[in-house]
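Inside the fold
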Amino acid sequence: MKITRFLMRTQHAGWITLFVKTPIKPSCFHAALLRPPIPRICIGQEARWIHCGSTVYKDKPDNSDLSKLFENETKAKSLVTHDDLFERTAKDAKNKASFNRVVDVFNKQDIRRRGHVEFIYAALQKMPEFGVERDLAVYNKLLDVFPKEVFVPRNFIQRMFNHYPRQQECAVQVLEQMENYGIVPNVETKVLLVQIFGEKGHPVRKYQRLMYWLPKFKHINPFPVPFELTQDPIDLARFSLTRIANDLDAKITVYQYPSTDVTETGEEVTQPHIVGIQGPEQISLLAKHNPNRPVFVEGPFPLWLRKTCVQYYLLRADLVPPEERVQDEPDPELVGPNQCLFYPWQIDLDLSRDMGDDFSYDVEDVEEGPVYAMCMAGQGDQATLARWICGLQETNPILGRIPTVFRLESGSRELQTAADVQHDSGQNSQSGSEQEHIIEEEQLHSQRMKQ
Amino acid sequence: MAVSRVTLQTPAGVCGLFRRQLLQPSLSHPTILSTRSIYGEYKRPGQPPDKRWPWEKIRFDFSKGVEGIQKHFGLLKDEFVGRLRGPEGRPLLDHMLEQTLVQWEFRGPESLDQWVVSSDKEIGGQSEAYLKLGKNNTTCMLYGTLCSVPPRDGETRYSGYCTLRSKQTLLSFDRKRHFDWSTFNTLYIRFRGDGRPWMINISAEMYFSHNKNDIYSYFLYTRGGPYWQEVKIPFSKFFLSSRGRIQDDQHCLWLDKVCWTNSSAKSHSRKEYHFENIANLRM
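The rules behind these values
- Residues numbered from 1 in each chain as written.
- Chains lettered and ligands numbered in written order.
- Predicted model: local features only at pLDDT ≥ 70, side-chain atom pairs only at ≥ 80, totals over all residues.
- Heavy atoms only, no water.
- Salt bridge = Lys/Arg side-chain N within 4 Å of Asp/Glu carboxyl O.
- Helix = DSSP H or I, 4+ residues; strand = E, 2+ residues; numbered from the N terminus.
- Buried < 20%, exposed > 50% of the residue type's maximum accessible area, 1.4 Å probe, protein only.
- Patch = residues over 30% accessible without salt bridge, like charges linked within 9 Å, V, L, I, M, F, W, Y side chains within 5 Å.
- Areas by Shrake-Rupley, 256 points an atom, 1.4 Å probe, with all protein chains shown as cover.
- Lys, Arg positive; Asp, Glu negative; His and termini not counted.
- Charge placed at Lys NZ, Arg CZ, Asp CG, Glu CD.
- Core = buried A, V, L, I, M, F, W, Y, C linked by side-chain atoms within 4.5 Å.
- Pairing = 2+ DSSP bridges.
- Contact = heavy atoms within 4.5 Å.
- Phe/Tyr/Trp six-rings, centres within 6.5 Å; stacked < 30°, edge-to-face > 60°.
- Lys NZ or Arg CZ within 6 Å of the ring centre and 35° of its normal.
- Expected span 1.5 Å × (residues − 1).
- pLDDT = per-residue confidence, 0-100.
- Domains from an automatic or database assignment.
- Buried area = accessible area lost by both parts, 1.4 Å probe.
- Axes fitted to C-alpha atoms, helices over the stretch in contact; angles between N-to-C directions.
- Parallel < 35°, antiparallel > 145°, perpendicular 65-115°, else oblique.
- Left-handed = near helix turned anticlockwise from the far one by under 90°.
- Nonpolar A, V, L, I, M, F, W, Y, C, P; charged D, E, K, R; others polar.
- Disulfide = S-S within 2.5 Å.

**Focus on the pattern of salt bridges**
Pairing is possible between side chains that carry opposite charge, provided their charged atoms lie close to one another. Inspection of the entire model under this criterion finds 17 salt bridges over all chains. Between Arg157 of chain B and Glu176 of chain A there is a salt bridge whose closest N-O contact spans 3.7 Å. Here the residue Arg157 of chain B occupies a position in the loop between strand S4 (139-146) and strand S5 (161-166), and Glu176 of chain A occupies one in helix H12 (residues 165-180), the pair thus bridging two chains. The partner of Arg190 of chain B in a salt bridge is Glu230 of chain B, with the nearest N and O atoms 2.9 Å apart. Taken together, the positions of Arg190 of chain B in strand S6 (residues 186-192) and Glu230 of chain B in strand S9 (residues 229-234) put the pair 40 residues apart, joining distant regions of the chain. On the accessibility criterion, Arg190 of chain B (13% relative accessible area) is buried.

**As for a positive patch on the surface**
Residues and elements named next belong to chain A. Taken together, the side chains of Arg134, Lys218, Arg306 and Lys307 make up a positively charged region of the molecular surface. Following the sequence through the fold, Arg134 ends up in the loop between helix H9 (116-130) and helix H10 (136-143). Arg134 sits in the partly exposed class, given a relative accessible area of 35%.

**Re the nonpolar core**
Grouped together as the largest cluster of nonpolar side chains are 41 residues, with contacts concentrated most on Phe99, Phe119, Ile120 and Phe146 of chain A. Elements represented by at least two residues in this core include exactly helix H7 (83-89), helix H8 (96-109), H9, H10, H12, helix H13 (187-197) and helix H14 (202-218) of chain A. The leading source of residues in this core is H9 of chain A, at 9 residues. Formed by 39 residues, the second largest nonpolar core is a distinct cluster that contains Leu146, Ile202, Phe239 and Val258 of chain B.

**Describing the sheet that holds strand S7 (residues 197-204) of chain B**
All names here are of chain B. The antiparallel open sheet is built from 7 strands, whose spatial order is S2-S5-S12-S7-S8-S10-S11. Either end of the sheet is taken by a strand with one partner, and the two such strands are strand S2 (115-119) and strand S11 (245-246). Pairing of S7 with strand S8 (residues 214-221), which is carried by 6 bridges, proceeds in the antiparallel orientation. Note that in S8 the partner of Met199 across the bridge is Phe219.

**Some thoughts on the environment of Trp213 of chain A**
Among the structural elements, Trp213 of chain A can be located in helix H14. Residues Trp213 of chain A and Val184 of chain A, spaced 29 residues apart in sequence, show a C-alpha to C-alpha distance of 9.6 Å. Beyond its immediate sequence surroundings of up to four residues, Trp213 of chain A is in contact with Phe239, Ile246, Gln247 and Gln250 of chain B.

**Concerning the packing of aromatic side chains**
With the rule as written, the count across this model stands at 29 aromatic pairs over all chains. Note on Trp213 of chain A and Phe239 of chain B: the rings are 5.8 Å apart at their centroids and 50 degrees apart in plane angle, and the pair reads as tilted. A residue pair is termed interchain when its members come from two chains, as with Trp213 of chain A in helix H14 and Phe239 of chain B in strand S10 (residues 239-242). In this structure Trp213 of chain A comes out as buried when scored by relative accessible area, which is 11%. Given a relative accessible area of 5%, Phe239 of chain B falls into the buried group. Residues Phe235 of chain B and Phe238 of chain B carry aromatic rings whose centres are separated by 6.1 Å and whose planes lie at 35 degrees to one another, so their mutual orientation is tilted. A residue is classified by how much of its surface remains accessible, and Phe235 of chain B, at 4% relative accessible area, is buried. Positioned above the aromatic ring of Phe296 of chain A is the side chain of Arg407 of chain A, whose terminal nitrogen or guanidinium carbon lies 3.8 Å from the ring centre. Stacked on the ring of Trp260 of chain B, the Lys or Arg Arg165 of chain B has its end atom at 4.3 Å from the ring centre.

**Some remarks on the pairing of strand S7 (residues 371-377) of chain A**
Residues and elements named next belong to chain A. Within S7, 7 of the 7 residues are buried, which leaves it mostly tucked inside the rest of the structure. Both strand S4 (residues 274-278) and S7 contribute to a ladder of 4 bridges, which runs antiparallel. Residue pairing across strands places Val275 opposite Met376, the latter belonging to S7.

**Remarks on helix H17 (residues 382-395) of chain A**
Residue and element names in this part refer to chain A. Compared with the 20 Å implied by 1.5 Å per residue over 14 residues, the 21 Å span of H17 between its first and last C-alpha is a close match. Taking burial as the measure, the 14 residues of H17 include 10 buried ones, the bulk of the element. Looking only at H17, the buried set comprises Gln382, Thr384, Leu385, Ala386, Trp388, Ile389, Cys390, Gly391, Leu392 and Gln393. Lining the buried residues of H17 we find strand S1 (251-256), S4, strand S5 (295-305), strand S6 (308-317), S7 and strand S8 (404-408).

**A short note on the confidence of the model for chain A**
Note: predicted coordinates in regions of low pLDDT should not be interpreted at a detailed level. All names here are of chain A. For chain A, the mean per-residue pLDDT works out to 73, and 64% of the residues sit at or above 70. Across chain A, the element-wise mean pLDDT spans from 40 in helix H5 (residues 55-59) up to 95 in H13. Contacts from residues 10-74, a stretch scored under 50 in pLDDT, to residues over four places away or in other chains number 61 contacts. In this model, residues 411-451 is a region of pLDDT below 50 whose contacts with residues beyond four sequence positions or in other chains number 68 contacts.

**As for the domain arrangement of chain B**
All names here are of chain B. Segmentation of chain B into domains returns domain 1 (60-98) and domain 2 (100-282). Measuring from the centre of the C-alpha atoms in domain 1 to the corresponding centre in domain 2 gives 27 Å. At the interface, 9 residues of domain 1 touch 10 residues of domain 2. A buried area of about 860 Å², summed over both sides, lies between domain 1 and domain 2, and 54% of it is on carbon and sulfur atoms. Interface area lost by domain 1 to domain 2 is led by His72, Glu79 and Glu98, which between them contribute 53%. Counting across the domain 1 and domain 2 interface gives 1 salt bridge.

**Quick word on the sheet that holds S5 of chain A**
Residues and elements named next belong to chain A. On the basis of which strands lie adjacent, the open sheet formed by 6 strands has the order S1-S4-S7-S6-S5-S8 and mixed pairing. The sheet is open, and its two edges are formed by S1 and S8, each paired on a single side. Along the sheet, successive strands turn relative to each other by an average axial angle of 30 degrees, direction set aside. Note that S5 and S8 share 5 bridges and pair parallel.

**What about the packing of H9 of chain A against H12 of chain A?**
All names here are of chain A. Contact geometry of H9 with H12 gives a least axis separation of 10 Å together with a crossing angle of 15 degrees. Compared by their axis directions, H9 and H12 come out roughly parallel. As for the relative orientation of H9 and H12, their crossing is left-handed in sense. Only Arg166, Gln167, Glu169, Cys170, Gln173, Val174 and Gln177 of H12 make contact with H9, whose side of the interface consists of His116, Val117, Glu118, Ile120, Tyr121, Leu124, Met127 and Pro128. Of the residues contributing to the contact of H9 with H12, the split by class is 8 nonpolar, 4 polar and 3 charged.

**Topic: the state of the cysteines**
Residues and elements named next belong to chain B. Under the defined criterion, the tally for this structure stands at 0 disulfides over all chains. With no disulfide of its own, Cys147 has Cys162 as its nearest cysteine by sulfur position, at a separation of 13 Å. A disulfide-free cysteine, Cys259 has its sulfur positioned 17 Å from the sulfur of Cys252, the nearest such atom.

**Focus on the environment of Ala171 of chain A**
Residues and elements named next belong to chain A. Residue placement: Ala171 occurs in helix H12. With relative accessibility at 0%, the residue Ala171 sits in the buried group. Residues in contact with Ala171, not counting those within four places in the same chain, are Leu143, Phe146, Leu193, Phe197 and Pro203.

Rendered as C-alpha cells:
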C-alpha cells in the first residue's frame, strides 16, 4: 500500500532516494515542521520532504496535523480560482502595493505553495490592470512564489526528461511577458531562476536568450518614444512636431494656448491649443511660391506614439508642373570661369554613379509638392486652422496673397460653414462656399483673398 | 493548461509536440508519424486538420490543362532564350557592373498584383488590411485597422498583425523563382509611415524541410509625418527566426535563393494605420 502510493504520487526518479530514506525517526519530522516557513538553504532531505508530497507525512501518525488536513480538505470543496484573490484586493486600489500584498497573502497561507502555477498565471494576467507590468521588482517577487530547490533536477535522467514541465513552462511564461514589455531582467532574476530550476532548465535558457537579445534591440529605434508621454497637449504637440519635422533648425511656435473663457452671456468658450512648426527651408520655399497657385491645408493625419494617436495638419502646395518651374540662377562667382577651383560650388561629375547603374528609374519621378508648415491643434475645424494661418502670416507675409484651400477630412465631426468663420484681422469678401461632401476627400473651397 | 502552438517551438518543446501526436493515434484518419506531420502543410489555428487521403486531393480539368501547357511551354522557351543573353535574361555586363537593382516599384495597378496583403483575419482575428495605389500612381498604400483581441480558438494567445508580402514568382511549370541577390549587400526602402514600428522579413529557400519556416527579420521604425523616409538595411543585420522564435544558432542570410520579402506590423490595441511604400526596394 505504502509502495503503490509512493509510485502513484511521485512522478520523477527522486522516489528512489525517498524510499531509501523512509525509515527515519519521527522526531526529525517535528523538528522540520517547526522550522521557519521558507527554508531557502537546502538542509538535505528534510527540507525536501516538506515540499514534496504528503505521502510520507501521512504515514506517520500525528493526530493534530491529520485533523488539520481533514479540515482543509472539507473546506476546499468549492472551486475557488486565484482571480478572486485579486478581485477582493482590488476593491480598494489597484496599484503595486495591493498587488504585492496579494502575493504576500498567497505566500503566507501555505508553506507548500499549493496551486502556485495557477496563481502565477492569474497574476500575470492581472498585472496590466494593476499597472505593474513594467516593474521588474514585481516580476522578481512573482518568481519568488515558486518553492526553491524542489524543481532542481538532481541527476542526468531528470535533466533529460524535462523535470517539472508545468512549472518550467510557467516560469518561461513569466519571462515571456517580461520580453513582451521589453523589460530586461537583472541578476536577482537569474539567482532566483537558478535556485528554483537549476542552471540547465528552460527558464534559465530563456533568461540567457533575453539577456542576449533584449539589450541589442532596446536602443535601435532611431526615433524613440518615451514610455510615459506628457499629458499636457502643448508638450505632446512639441514632441511630436519635432519628431516629424525632420529638421533640427525648425522652430516651434505656440499660436494659441488652451483656455476656457466665460462670455457675458454665461456660455463657455473653449479655445483649443495651436502649436505650429516651420523650418527655415520651408520659409524660403514659401517665399518663392507663386501667388497664383493655392496652398492647401490638409489633415488630419494620424501619428502614433506607442499607444496614443495625435493628429497633425499640413500646409502644402501641389507639385509645380515642370514647364512652370523656375530655375534658380547660380551666382556667377561660384560657377563659371571665375570660380574657385579648390572649393567648387558645383561639380558636374556624379561620383556615385557607375557604368552599370540603372538610369531608367528615377526617384525624382515620385516627387510630391512641398510642405510649408505643420501644426497640431486641439480642434480640427476651419476656424482654428485659420487662426494658425494668421499666425503663420507673421513670418511669411506672402501668405496674405496666396489663396488657401482647406482640405479637411471631417470624419465624425461636422465641418463648419464658411459663414461662421471669423477672421481676426477682419478681412473682407469671403465668397460663399458650397460644401461638397465627398466621401473620400472633402474639399471646402473657400477662396479668401487676404491682404 | 492549454499550451499554445507558439510556446512549443523551443528545441525541447518540439519534441514535446511530437510526443503528443504519438500518444493520440487515430485509425480512421491517416496519420503520418514522422517529422512531416509537424513540418507538413500549414494548419491554420482553429481550423480542423485536412484529413483527406492523398488521392482525394487531385482534380482533373481539360481546358485548364491545355491553357496550362501553352503558358508553361511559352515560359520555358523564354527561359532558354534568356539564358543565351545572360544570367536571368539580362546582359552579362549589366549583371556584373550594376550597383543597384530596382526590385519592386509601384508604377500602376498591375504592380499591386505582385503583393499579397494579409492580416489577422485569416486566423480569426479582427484586423483589416487593404492595399491601394497612392496619389499619382507612384506609391502604394497599405492601410486598415489592427485589433489585438486574439481569436477564440484556444490556441492563439497574441494577435493583431498585418503584412504586405511579395508574391512567389513562378517559372515555367510552376517552379518557384528565386531572386539572386548575391551581388548586393543592402536593402534600400523608401517609405512613409505613421510613427509605428514595422518589421521587414526576408525568406530564403533552404534545402531541408526543417528550415521551411526560417525568416530573417529586422525592424523598420517609421517616424511619421509627411516626409519620406529612406532606410538602408545591410543584409548582415537580419537575424534568423523560425515560426516567430529567434533561433539560438544565428547565421547570415544567403542571398542566392531569396523567396519573398514582407513587411509586417503588430499592435497592442485597436488601431488604425497606414504605411505608404514608395517606389522601390533597391539593393
